[in-house]
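Residue-level listing of the chains:
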Amino acid sequence: MTDNAWVRWPSREALSRVGVHRARRVLSLTTRAIVLATLLATTLTNPELGDWALAGGITGIVVCGILAWGFWRTTLEHRLLPSLVLLALLLAVASVGHHAGFRIPALVLLCGCGVAAIERLPLVAALPATAVALGVYGVFDDDAWLTTAATTAGLALAGYVLRLDAEARAGAQRLLVQERAARAAEAESAALAERARIAREIHDVLAHSLSAQLVHLEAARLLIERGADREVILERVVAARGMAREGLAETRQALSALRGEMTPLEDFLGELVATADRAGVTVTGERQPLPAEASQAVRRVAQEALTNVRKHAPGAAVHIRLDYGEHEVTLDVRDSGGKPGELSGSGAGYGLLGMRERVELLGGSLDAGPGEEGFVVTLKVPV
């Protein structure tokens, strides 16, 4: 569609009834009904007209209604030539009606053609059509020339105002459609993000749980290969079963956390170190509630770090420090080091890598590497 205002059609939204308030539709229909009833009454009560003339007048009104409906449809479909033909037929009917004695209906029809042309046609065609319709009106009207000029100017202005009003309504309608589409897209994006968040959370929980189970099952395998006592092997199997139960419980906790039912982070870390040997936790800074994803990231990193200590430095002392800063929360997990355990080669090594990717999505950072004594994992999450 061209941007030239002279050859551009009014938009389909402007030419249709889309977005028109119901009260306005009722008012428009009522006005048209009153005008039609007035024309019929004027025609039927004219004593100068015979029966054939009355029949012809009523037929002319019906024909005008059909032509007007066709003009409405062709302009809605942006078909210029058929629209101009129908408009010319309406003007011809008005001229014939005026010469046949139907003066008032003919003048009303001419006024309607002039207004409709400038309201519904491209300006390059609307202005000549309106000029012809109102020019014929001026010729047929018996009022003073000043009155006729004022009437024609007012009708042309009224048609242009209706055109601008329809375009404004169409613009508002398009904006409303765009806003609804944007809201739908935003809702869909939020749903996809929530699904990704849930999938990431469940993945992290299961990865930690299965990794811990693998530690005990791998130990059980090594004990079986060495012919260890049944009780020692059974202890490892029972521990793996306990890890499976803990994994299910953590999965439920993760889902509860996603619903906003989350235990305080300090309590969680306290329970975590209570299940480990030679582990402690220190909390510094002014405690504050964290966003759900940030809190879950801290929890998962602490769990993964303790699991790695069990695998790579069994028996090492572990200290967890949680610091609430002004703009970020820092989690520091460090162990005292020790000889690599028998299970140091188990697992794929993707635990902390997955945690790092998760934290980076939150705008934080995760560093892991050797410290002065053992291994240090440092997490920073903005709040």
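Residues numbered from 1 in each chain as written. Predicted model: local features only at pLDDT ≥ 70, side-chain atom pairs only at ≥ 80, totals over all residues. Heavy atoms only, no water.

Caption draft 1: Seen up close, the overall build of the chain. When you go through the chain residue by residue, the secondary structure sums to eleven helices and five strands. Taken over 383 residues, the chain has a buried fraction of 38%. Expressed as a percentage of contacts within the chain between residues at least 6 apart in sequence, the contacts between residues at least 24 apart total 71%. A total of about 21700 Å² of accessible surface is found on the chain, and carbon and sulfur atoms cover 62% of it. (Helix = DSSP H or I, 4+ residues; strand = E, 2+ residues; numbered from the N terminus. Buried < 20%, exposed > 50% of the residue type's maximum accessible area, 1.4 Å probe, protein only. Contact = heavy atoms within 4.5 Å. Areas by Shrake-Rupley, 256 points an atom, 1.4 Å probe, with all protein chains shown as cover.)

Caption draft 2: Quick look at the packing of helix H4 (residues 80-99) against helix H6 (residues 123-140). The geometry of H4 relative to H6 is characterised by a closest axis approach of 11 Å and an angle of 0° between their N-to-C directions. As far as their axial angle goes, H6 and H4 are roughly parallel. Here H4 contributes Leu80, Leu84, Leu87, Leu91, Ser95, His98 and His99 to the contact with H6, which in turn contributes Ala125, Ala129, Val132, Ala133, Val136 and Phe140. Class assignment of the residues belonging to the contact of H4 with H6 gives a composition of ten nonpolar, three polar and no charged. (Axes fitted to C-alpha atoms, helices over the stretch in contact; angles between N-to-C directions. Parallel < 35°, antiparallel > 145°, perpendicular 65-115°, else oblique. Nonpolar A, V, L, I, M, F, W, Y, C, P; charged D, E, K, R; others polar.)

Caption draft 3: Representation of the sheet that holds strand S4 (residues 365-370) within the structure. Strand order in this open sheet of five strands is S1-S2-S3-S5-S4, and the pairing throughout is mixed. Lying at the two open borders of the sheet, with one neighbouring strand each, are strand S1 (279-285) and S4. Adjacent strand axes in the sheet meet at a mean angle of 10°, parallel and antiparallel pairs treated alike. Note: S1 against strand S2 (residues 318-324), seven bridges, orientation parallel. Note that in S2 the partner of Thr282 across the bridge is Arg321. Lying on the sheet, helix H10 (residues 292-312) is in contact with S2, strand S3 (328-335), S4 and strand S5 (375-382); it crosses S5 at an angle near 175°. (Pairing = 2+ DSSP bridges.)

Caption draft 4: Highlighting the confidence of the model for the chain. A residue-level look at the chain finds 86% of positions with pLDDT of 70 or above and a mean pLDDT of 80. Low pLDDT (under 50) marks residues 343-350, which in the prediction has twelve contacts with non-local residues, meaning those over four places away or in another chain. (pLDDT = per-residue confidence, 0-100.)

Caption draft 5: Fine view of the packing of aromatic side chains. In total, this model carries zero aromatic pairs according to the counting rule given. Positioned above the aromatic ring of Phe268, the side-chain terminus of Arg299 is 5.1 Å from the ring centre. (Phe/Tyr/Trp six-rings, centres within 6.5 Å; stacked < 30°, edge-to-face > 60°. Lys NZ or Arg CZ within 6 Å of the ring centre and 35° of its normal.)

Caption draft 6: Structural detail: the packing of helix H5 (residues 103-120) against H6. As a packed pair, H5 and H6 sit with axes 8 Å apart at the nearest point and diverge in direction by 160°. Between H5 and H6, the angle is such that the two are roughly antiparallel. Viewed along their axes, H5 and H6 form a crossing whose handedness is left-handed. Taken together, the residues of H6 that come into contact with H5 (itself represented by Arg103, Leu107, Leu110, Cys111, Cys113, Gly114, Ala117 and Ile118) are Ala126, Leu127, Ala129, Thr130, Ala133, Leu134, Val136, Tyr137 and Phe140. Split by residue class, the contact of H5 with H6 holds 14 nonpolar, two polar and one charged. (Left-handed = near helix turned anticlockwise from the far one by under 90°.)

Caption draft 7: How the structure looks around H10. With 21 residues, H10 should cover 30 Å at 1.5 Å per step; its first-to-last C-alpha distance of 30 Å lies within 8% of that length. For H10, the buried fraction is high: 17 of the 21 residues fall into the buried class. (Expected span 1.5 Å × (residues − 1).)

Caption draft 8: Geometry of the nonpolar core. Judged by nonpolar contacts, the single largest core of 29 residues is most densely connected at Leu269, Leu322, Leu331 and Leu379. Elements with a contribution of two residues or more to this core: helix H9 (265-274), H10, S2, S3, helix H11 (351-361) and S5. Here this core takes eight residues from H10, the largest share from any one element. Sequence-distant contacts of Leu269, that is, excluding residues within four places in its chain, are made with Val281, Ala302, Ile320, Leu322 and Leu331. Listed in part, the 26 residues of the second largest apolar core include Leu86, Leu110, Cys111 and Ala116. (Core = buried A, V, L, I, M, F, W, Y, C linked by side-chain atoms within 4.5 Å.)

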